[in-house]
Every structure is written in structure tokens, then in C-alpha cells.
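Observations on the three-dimensional arrangement
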Amino acid sequence: MRDLDRATILFCLMTPLCLTGVALQAQEKPIGVEVEMIQSDEVKLPAEFRVALYENLVQQLHRKGTFENVYRDGDRNAVGRPDTIVLHTNVKGFKQGSERTRQVTTVAGATSIHVHCRFSDTGGHTLLERDIEGKVHFFGGNLKATSDFAKKAASVARGITIPAHPKPADRAATLDQPASASMR
Amino acid sequence: MLRSLVGVLTAFLLVPAFGQMKADYQLGTITDVVARTNGSPEDSVTSYDISLRVGSTLYVVLYTPPLGAGTPQYAAGRELLVKVGEKTVRFNDMLGESREVPIESSSPLEPAGESIEADPPQAPVKATLVIGATGVKDNSNGSLTLEKGNLRFVHSKDTVDIPAPSITDLITGSDSQRVIRGTAGTISMFGPYGSGRFLSLFRSKLDTLTLQYRDPDGGLHGLIFTMSVGRAELLKRQLVAQGAHTTVETQKSSEQGTSKVSETTEQKP
């Protein structure tokens, strides 16, 4: 009877541990990221801000070192890579301040940009969505708000994981099995 | 009664005289400032060749700043009222004192509205790369030239070449920057009695040139340049003539109503 109790307790303890292990194994860090060009469907964004947002994003993702490869919009090298995620961005709000006003008054003239960021896998499935704000309050030109946004977005990208992809050997094995058994 | 009538008549006579005085002065824009040195690097700069655009004429005047009046290196883009004489240009300095500088040369500027092919080959344009070039630090000063269908930016030993046909969008804009900037500008902001804030009021105008292009792998790049007033639109016209694409028509073609540039609108992949 005692043996049965012990076995039950052991089973109860081990089962969650095993399931956690399986769940952890099923997630992996993406190796690459493709940055899509900044969209601004709802607000009118000056061209220099659009380009500065995009370039700062690429720079910051490189600098953080989270991803081995940072691909630009339309880069053919990113095609057909399941270990790559895609960053879609859409500007939701923009307030252009004034550098002169900031320097003269200290409290007024701030520039702020609100951007909706969506990280997806190459299949288009959303992995993470977040609204990120970039702003400049005192020092620097208006474009510094884009750098602030890019730093925050690159930090958010660090925590993203994607479903594990089967290794080549496993993939060959799964080809013989029904489609429902393969992992995606 | 007679005295008041004479007073009113005198006032009426003086009005056109003031109007004439104001009409003599025109709005001019400083487009370039070149320091003169005597050859040896030890010599401090004492005078400057200042290019001044007034109407459709470009004047080059010799300016020698008075002692303690600061240096005009960063005056490009500044606008001021000037009175152009036969051999001199008169203007009021920041303290309101009238000054006269000799004209070294004058040349007519090409009026807007002529054909794109008539644009003369452009000399290197001093520009600042704000962001975007791989291998070149942001906010680097250098020169922009158009050579053999390539837009070339040179900063010390680094060179960036962009083929004009690979440019998918080309947009000009305007901006301004603090006259006293850099480290000195930052330190000056902490000046006593709000002097730093006062200095922040003095800003010079700039042109911005924003372009997007695709590399051989299809990757999209963006670049932002700033340069003296009036240079960006000229550079844009020349780039469009050499095969660059733009989503915003150049000033010249929009005035003429031609469809030459509108045919070259951005084609997204």
C-alpha cells in the first residue's frame, strides 16, 4: 500500500516536470529578423522620420546582437528561412515638436512617435504585438525620437521565441507520418 | 491751421521716401561660406568669401568680421536683408550696425523652369550624412557628387556609391539647426542668466535629402542628408534625370506640368 502511495506521489511530481521540459524544448530563439519598411497608414509621417525609424531599427537590432542575421525589407537572403521572424511596424501617432522650443523652454516642444510593432514568423502568424513610443524631451533633434523608439523595440525583440522546427533527421521521419503529427 | 496743414503735407511727402528706402533692401540667403587662409596653417582665418543669393543673382562678397564678432562659418542658410550696390553689398549685423562688404563676383542663377538636360554638372556639395550608410558613422560631414550615374558621398577615406537607377524614392525637405552646435553648443546651453537659451534662438536653415534605394540583394536602404539651402532640389533634379525614381515630383516638372517625372513613380516590389 505504501509503495502505491509513493508511486502516486512520484508520478504527480514528475508529470509536471516532464511536461514543462517538453514545453521548453518546443520553443527556440529565432536566428534572424527581417525588418519591413515602416508603414504609416493613419498618420502623415515625413519621409525623413520614416527612413530614420527604419534605419535606426536595423542598427539597434544589429547592436543588441540578439539575432545573427538582420535582413532588410525585400532582402532575398531572408526568403525560405523558417528560423527568421518578421518585424512589421505601423505608425499610429506622431507629434512633431521643435528643437528650438525645447532648448528655450525646457518643458515644451517634445517630439513623440507611437508605433505598433508586430513580430510574426515567416508564415505570418503573430508571435508578439506591442505599442512602443519614442520621444525626445530636451537634448537632440527631432529625429532622436526615432532612435529612442528603435532601442525600445530592439529590447522587446530579445524576448521572442518561435516554435521549434524539426531537425533534418526528424523532418525526414515526420514526412512518413500524417501531417497532424508534424510540428509547426 | 496753416502750421498743421504744412505738417500733414510734410508727412505725406515723407511716406514715399520711407517706402523707397525699404524697397532698396532685398532678402538675401547665404548659400556658402569659405574661409580664407594665407597658406600656413598657423595663420588664423581673418576673412571669408560668402556666397549670397539675392533674387536670381549669386554674389560672392568678401567679409572680414570685426574683432570679437564671432565667425560666420555656420552662417550658410541664414537669411538677411541686403542692399546691393554697384560694387558693394550693405547689410545690418546682429547688433543692428550697418556694414558694407565688397562684391568680388556676381553670376546669374539659372531660373527655375528650364529643361532638366540644361542643368550644368554640379560641383561637390558639402553635406552631412544624418543616418543610413553602411560603414560610415552617423552625422558625418563630407561631400556629395554625381559621377557616372552614381551618387557618391565621400567622408575622409570612406566612400559610399549609390547607382541612380537603384534609387526608389527621393524626397527633399527643409530643416534648421542651431548656429552654435557640437560640443561648444552643448556647453553653451549651460551658460549663466539664460544666455544658452538665448543662443538657441539663432538657427540656420537647411535642406534635407531623403532617399531610399535597393541593394543588389533587394534589401531596402534609407539615407538622410542635410546640406545648404537650395542644393537638395538641384541634386534631386539631376538624379531624376539620371534614372532615379521619386514619388514626389520635382519643383521644375510640376511647374511645367510635364509627365516626365510622374512616369518614374515608385514601383514597390
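Our subject in this report is the structure included herewith. (Residues numbered from 1 in each chain as written. Chains lettered and ligands numbered in written order. Predicted model: local features only at pLDDT ≥ 70, side-chain atom pairs only at ≥ 80, totals over all residues.)

Some details on the overall build of chain B
Put simply, the rule is: Only runs of H or I of at least four residues qualify as helices and only runs of E of at least two qualify as strands under DSSP, and these elements are numbered from the N terminus. Comment: burial labels come from other C-beta atoms within 10 Å of the residue's own C-beta, placed from the backbone, where a count of 20 or more is buried, 12 or fewer is exposed, and between is partly exposed. With C-beta atoms placed from the backbone, a contact is any residue pair whose C-beta atoms sit within 7 Å.
Regarding its fold elements, chain B presents 5 helices and 13 strands. Counting all 269 residues of chain B, 26% fall into the buried class. Expressed as a percentage of contacts within chain B between residues at least 6 apart in sequence, the contacts between residues at least 24 apart total 56%.

Structural notes on the environment of A:Phe67
With respect to the helices and strands, the residue A:Phe67 is situated in the loop between helix 2 (47-64) and strand 3 (69-71). Those residues in contact with A:Phe67 that lie beyond four places of it in its chain are A:Pro30, A:Ile31, A:Gly32, A:Val33 and A:Leu61.

Examining the sheet that holds strand 2 (residues 47-54) of chain B
Residues and elements named next belong to chain B. Quick reminder of the rule: Pairing between strands requires that DSSP locate at least two bridges from one strand to the other. The axes used here are C-alpha line fits, helices contributing only the stretch in contact, and every angle between their N-to-C directions lies in the interval 0 to 180 degrees.
Taken together, 6 strands build a closed barrel; the order of strands is 1-2-3-6-5-4 and the barrel is antiparallel. Ignoring which end each strand starts from, the neighbouring axes of this sheet average 45 degrees apart. Alignment of strand 3 (residues 57-63) against strand 6 (residues 98-108), held across 5 bridges, turns out to be antiparallel. Paired with Tyr 59 across the strands is Ser 106, a residue of strand 6.

Structural notes on the pairing of strand 8 (residues 140-147) of chain B
Residues and elements named next belong to chain B. As defined by bridge partners, strand 7 (residues 125-131) adjoins strand 8 across 5 bridges and the pair is classed as antiparallel. Bridge pairing in strand 8 places Val 125 opposite Leu 144. The loop that links strand 8 with its antiparallel partner strand 9 (residues 150-155) comprises 2 residues; one of these, Lys 148, has a positive phi angle of about 50 degrees.

Examining the interface of chain B and chain A
Cut-off, in case you're wondering: Here the nonpolar group is Ala, Val, Leu, Ile, Met, Phe, Trp, Tyr, Cys and Pro; Asp, Glu, Lys and Arg are the charged ones; every other residue, Gly included, is treated as polar.
Contact residues are listed per partner, giving 22 residues for chain B and 20 residues for chain A. Of all the secondary-structure elements, those providing two or more residues to the side of chain B that touches chain A are strand 7, strand 11 (167-178), helix 3 (195-200), strand 12 (203-214) and strand 13 (220-227) of chain B. Among the elements that line the side of chain B that touches chain A, the one with the most residues is strand 12 of chain B, at 5 residues. Split by residue class, the side of chain B that touches chain A holds 8 nonpolar, 10 polar and 4 charged.

A few points about helix 2 of chain A
Residues and elements named next belong to chain A. In plain terms, the rule: One less than the number of residues in a helix, times 1.5 Å, gives the span that helix is expected to have.
When the terminal C-alpha atoms of helix 2 are compared, their 26 Å separation across 18 residues agrees well with the 26 Å that a helix rising 1.5 Å per residue should span. Among the 18 residues in helix 2, 14 count as buried, and that is most of the element. Positive backbone phi, approximately 75 degrees, marks Gly 65, located one or two places after helix 2.

Description of the packing of helix 2 of chain A against helix 4 (residues 144-158) of chain A
All names here are of chain A. To keep things clear, this is the line we draw: Here roughly perpendicular refers to angles of 65 to 115 degrees, roughly parallel to angles under 35, roughly antiparallel to angles over 145, and oblique to all remaining angles. Take the far helix as the reference: if the near one is turned anticlockwise from it by less than a right angle, the crossing is left-handed, and if turned clockwise, right-handed.
Relative to each other, helix 2 and helix 4 sit at 40 degrees, their axes nearing to 8 Å. Comparing their axes, helix 4 and helix 2 come out oblique. By crossing handedness, the relation of helix 2 to helix 4 is classed as right-handed. Residues Phe 49, Ala 52, Leu 53, Asn 56, Leu 57, Gln 59, Gln 60, Leu 61 and Lys 64 of helix 2 pack against Thr 146, Ser 147, Phe 149, Ala 150, Lys 151, Ala 153, Ala 154, Ala 157 and Arg 158 of helix 4. When its residues are assigned to classes, the contact of helix 2 with helix 4 shows 10 nonpolar, 5 polar and 3 charged.

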